[in-house]
Number of protein chains: 2
Amino acid sequence: MVISVLASGFLFTDHYQLTMAQLYHRFGLHDRLAQFDYSYRSNPDYGTHQAGYAVTAGLGPLLDWMDRTRVEPADTAALGALQSAAGTPMFSRDFLEWMSSAAYSAVSMWAVPEGRIVHPNTPLAVVEAPLAIAQMLETPLLNHLNYASLIATKASRVVEAAHEGPVFEFGMRRAPGWGANDATRAALIGGATASSNLGMSLELGLASQGTHGHSMVQVFMSIAGGELEAFRAYADVYPDNCLLLVDTIDTLGSGVPNAVRVFEELRSAGHEPRGIRLDSGDLAHLAVRSARMLNEAGFPDVRIVLSSQLDELTIWQIRNQIIDEAPRYEVEAASVLARLVYGVGSRMVTSHGDSSFDGVYKVVAVQNASREWRPAIKISDSPAKLAYPGRKGLWRVYDQRGIATADLVTLAEETPDGRPLHLIHPVQAGVGRVLGDEEISDTEPLLIPICAKGRRVVDLGGVAEARSRRVADLGRLDPGVRRLVNPHTYHVSLSPRLVDLKQTMMDALVEIPG
Amino acid sequence: MVISVLASGFLFTDHYQLTMAQLYHRFGLHDRLAQFDYSYRSNPDYGTHQAGYAVTAGLGPLLDWMDRTRVEPADTAALGALQSAAGTPMFSRDFLEWMSSAAYSAVSMWAVPEGRIVHPNTPLAVVEAPLAIAQMLETPLLNHLNYASLIATKASRVVEAAHEGPVFEFGMRRAPGWGANDATRAALIGGATASSNLGMSLELGLASQGTHGHSMVQVFMSIAGGELEAFRAYADVYPDNCLLLVDTIDTLGSGVPNAVRVFEELRSAGHEPRGIRLDSGDLAHLAVRSARMLNEAGFPDVRIVLSSQLDELTIWQIRNQIIDEAPRYEVEAASVLARLVYGVGSRMVTSHGDSSFDGVYKVVAVQNASREWRPAIKISDSPAKLAYPGRKGLWRVYDQRGIATADLVTLAEETPDGRPLHLIHPVQAGVGRVLGDEEISDTEPLLIPICAKGRRVVDLGGVAEARSRRVADLGRLDPGVRRLVNPHTYHVSLSPRLVDLKQTMMDALVEIPG
């Protein structure tokens, strides 16, 4: 294997998780139950544009990793060899003995399934486990969830810009190393139709996409004819998947005419061509001009794949330019838009403009010696940022149109059945909304029990199910929140009982020794 | 294993590499020798600031991957199951038979070793291999080299901003999935002192770094006393590695005083404390104030670790603010700067501001049926962007001070021994420099033979050797090119013989059928 056990197994975590775990072990705190909440603070902001929501992803691979990962003898051997500054062993023999049987089978988790539209400052995953175990899980949990959610969110925006048209993930060559595979999976959850990543697509049981590069045309030009011969060769080998890259020499002067010629030959032989790809130049202009040429040659339906530095804004611009420019060439703009396919690479798999997702994993409660839950608070945080101890509920409230109008954080045992329903602003005192029964069509719990002491209690499916969740959620999201630039802020609210508990806690905080 | 064979083995590549490989195989071109060059087009541009150079990284893991990766039966079985749009097999039986013995042992490579300072539009790696093999290598080569070079470059800038002071890579929690390990290795090559990534550090045989998080203090506050008890516990378990995070409650009002108390207890017990970490607030101000408190308590040497959204610009600002602000608190600025350690996370491992490296891998020559090399040209490129066929040399020319004054691309067989030495501008006709013997102290070849038909012909060492190369190169780089903002453009030049060949080629191009 390329990635070693040491670097991909139980020790795929931060150094300090282990030093804390040993400390907890030394002080007999390691098996106290603790609760940590995963949430994120703000939607990605790409500078000139910003997201109005995020799409959850990464839970499936995280759970698989937790299931499969054991502390291996190589792990404890490597830890045992680490020394302090004074040359003494960093990790004691009795801690390493405990470590050798550490596993994530002790973890209970509630979480929002993959592919859902979510909002900042709501609990998206809740972990309850022995303190040392929950602590060591911090880094791998954040690593899995943050990057995948970042890419699923970016992909969702790209796909929205494409009006849910076909988007191919083409980013592997500039993707972040082995993160390329994580990016592919997340992009598919975010709505990408397919990926060029062959191995990962096969692993996921999905069809990968791709045709040929400039290099193939160049090779034919050098030693086996020219562009036309290259296209003919491609059509010969792939008569039913013939999609030709037309910009190696001159898109309109050579590429499209040669492609049309080969398409005609293909049709004579009983095969329908698939399309052309444009990878340089003014993509909108070339798409209109190519569409006209293809129309006139009798190929009004073949696809036009666009690629080259695409993201949600460039796609938006290209579509608008086509709407403006098509009539000048006597082409119906709608017919051009309908045949477009978008190949999106670097900018999607690196979340161009905002390359990290600010998810955090915070201890919110821990059991004392009597096994009673005690809140864990970071006092330096502002009251508004104070995390609530204990398990919480997260509910989505739908208005009379069936559109999501707020996400409501409650106590775990609460069900938002009372009417009118009170939604309290999380920060501004005295601000809130009151919804009467006639204003609410449904309330839906978002946090689902995932595993109980390591045993999975639900089958959430895979990428296909996550993709469906995103589509369903988008259909129930306000268009203002979906806006690509300067989106409307979605309401996240607290229940009155949660606010009351917070006040009680804040009052009691004064008693806690500083 | 977490990452499957399908997704990490030979099929860790783009779909179209395989469709092209099959086409070459069908037309008997697959075993023609071909040459591909790897280069990048421009230094990373972070928006408000931009790099004046890049640092090479990723070659070691790429070569290891090429050595270990074989086409497995699972790979060919998965390919064999893929179907065209018409339901016929996408890959033929005879191609899959050929594929089953495909391997990168057929590759010869010349490359610039890891850790070197490099510049745009120069050949950084040259691959010579049978066409189908060289083609399939495109994606994994770019994936390995682009991301690692991106991160090594960003890390180098962060370390330069820190005046080569200690920088810890803390980015794992927001790093791009499994790319976290690639990021750690690249950051170390770029000059980071150590990483918090435990598994990868162990894998590389290096000491990882880290202490404790806010959660540990919060746990003690909740069920086992308070911050002071948390610090005492940490000192008890790690008396010789005691570095305390002081901002959980109130940095100056609680954290530093409690840390000082524990440091005094440690010293009484015969141990020297290591330092404190500041993770929020005005880091420059808090560093000055903390330094003063530590000085007055008799700990003028313990470290002050800063973390929280650091990158090269924030470090630069923090250092300048300390220089301005320290005298007001009667602290010597230099002594504060000398004790700083920088914990740099998300912004380093995602190359904040420019999240992809624009390296490309272009076919430059392929053998015809008579095994004569023929240039492969993308005619639509401007003449300036035209890649040269055949193997090239890359030389660094040092001036009389021993400072690098230009990188010179030559024919492979050229040695830049002639004096005066002519350096031709790669784009502007008629522009060049002429260097007399007295202006040149040395010329150094940068492209090294790496492997010959898969057999490694050189041992380039590992991360430690790469780190040394960066330090040596930086010492011979003009300070203007090293500038963090608006750096001076480094000279990349061509030899007269290369320019002559280019002209001959351009003239001949007219003959090539379009």
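All figures in this text were calculated on a predicted structure; none of them were measured in a lab.

Reading the values: the criteria
- Residues numbered from 1 in each chain as written.
- Chains lettered and ligands numbered in written order.
- Predicted model: local features only at pLDDT ≥ 70, side-chain atom pairs only at ≥ 80, totals over all residues.
- Core = buried A, V, L, I, M, F, W, Y, C linked by C-beta atoms within 7 Å.
- Buried ≥ 20, exposed ≤ 12 C-beta atoms within 10 Å, placed from the backbone.
- Domains from an automatic or database assignment.
- Contact = placed C-beta atoms within 7 Å.
- Least-squares fit on C-alpha atoms with pLDDT ≥ 70 in both.
- Pairing = 2+ DSSP bridges.
- Helix = DSSP H or I, 4+ residues; strand = E, 2+ residues; numbered from the N terminus.
- Axes fitted to C-alpha atoms, helices over the stretch in contact; angles between N-to-C directions.

Quick look at the nonpolar core
Turning to step 1, where the next piece is worked out: By size, the foremost hydrophobic cluster in this structure holds 322 residues, and its most contacted members are I151(A), A287(A), I151(B) and A287(B).
Turning to step 2, where the next piece is worked out: Both domains that meet at this core, namely domain 1 (5-136 + 354-509) and domain 2 (159-349) of chain A, each give it at least three residues.
Turning to step 3, where the next piece is worked out: Excluding anything up to four places from it in sequence, A287(B) contacts L278(B), I304(B), L306(B), I322(B), V336(B) and L340(B).

Observations concerning the relation of the copies chain A and chain B
Turning to step 1, where the next piece is worked out: When chain A is fitted to chain B, the residual RMSD is 0.0 Å, and the transformation amounts to a turn of 180° plus an axial shift of 0.0 Å. When the rotation and shift are considered jointly, the pair of chain copies conforms to a two-fold rotation axis. For chain A, the minimum C-alpha distance to the rotation axis belongs to G179(A) and amounts to 2.1 Å.
Turning to step 2, where the next piece is worked out: Mapped onto chain B, 100% of the interface residues of chain A again fall at the interface, so both copies present the same surface.

Examining the sheet that holds strand β19 (residues 448-452) of chain B
Within a sheet, neighbouring strands are paired by backbone hydrogen bonds and run either parallel or antiparallel to one another.
Turning to step 1, where the next piece is worked out: Sheet architecture is open: seven strands sit in the order β13-β12-β1-β5-β3-β19-β20 (chain B), paired in antiparallel fashion. Only two strands of the sheet have a single neighbouring strand rather than two, namely β13 (373-375) and β20 (455-456) of chain B.
Turning to step 2, where the next piece is worked out: Relative to strand β5 (residues 125-130) of chain B, strand β1 (residues 33-40) of chain B is paired through six bridges, and the arrangement is antiparallel. Pairing of L33(B) across the sheet is with P130(B), part of β5(B).
Turning to step 3, where the next piece is worked out: Set on the sheet, helix α10 (residues 214-223) of chain A makes contact with β12 (359-367) and β13 of chain B; between it and β12(B) the angle comes to about 25°.

Section: the sheet that holds strand β5 (residues 125-130) of chain A
Turning to step 1, where the next piece is worked out: The seven strands are arranged β13-β12-β1-β5-β3-β19-β20 (chain A) in an open sheet whose pairing can be described as antiparallel. Strands with a single pairing partner mark the edges of an open sheet, and in this sheet they are β13 (373-375) and β20 (455-456) of chain A.
Turning to step 2, where the next piece is worked out: Here strand β12 (residues 359-367) of chain A pairs with β13(A) via three bridges, running antiparallel. Along β13(A), the bridge assignment pairs A365(A) with P375(A).
Turning to step 3, where the next piece is worked out: Its contacts with the sheet place helix α7 (residues 138-161) of chain A against β1 (33-40), β5 and β12 of chain A, and it is angled at close to 145° to β12(A).
Turning to step 4, where the next piece is worked out: Running over the sheet, helix α10 (residues 214-223) of chain B touches β12 and β13 of chain A and is turned about 25° from β12(A).

Read these as spatial facts, not as claims about activity.
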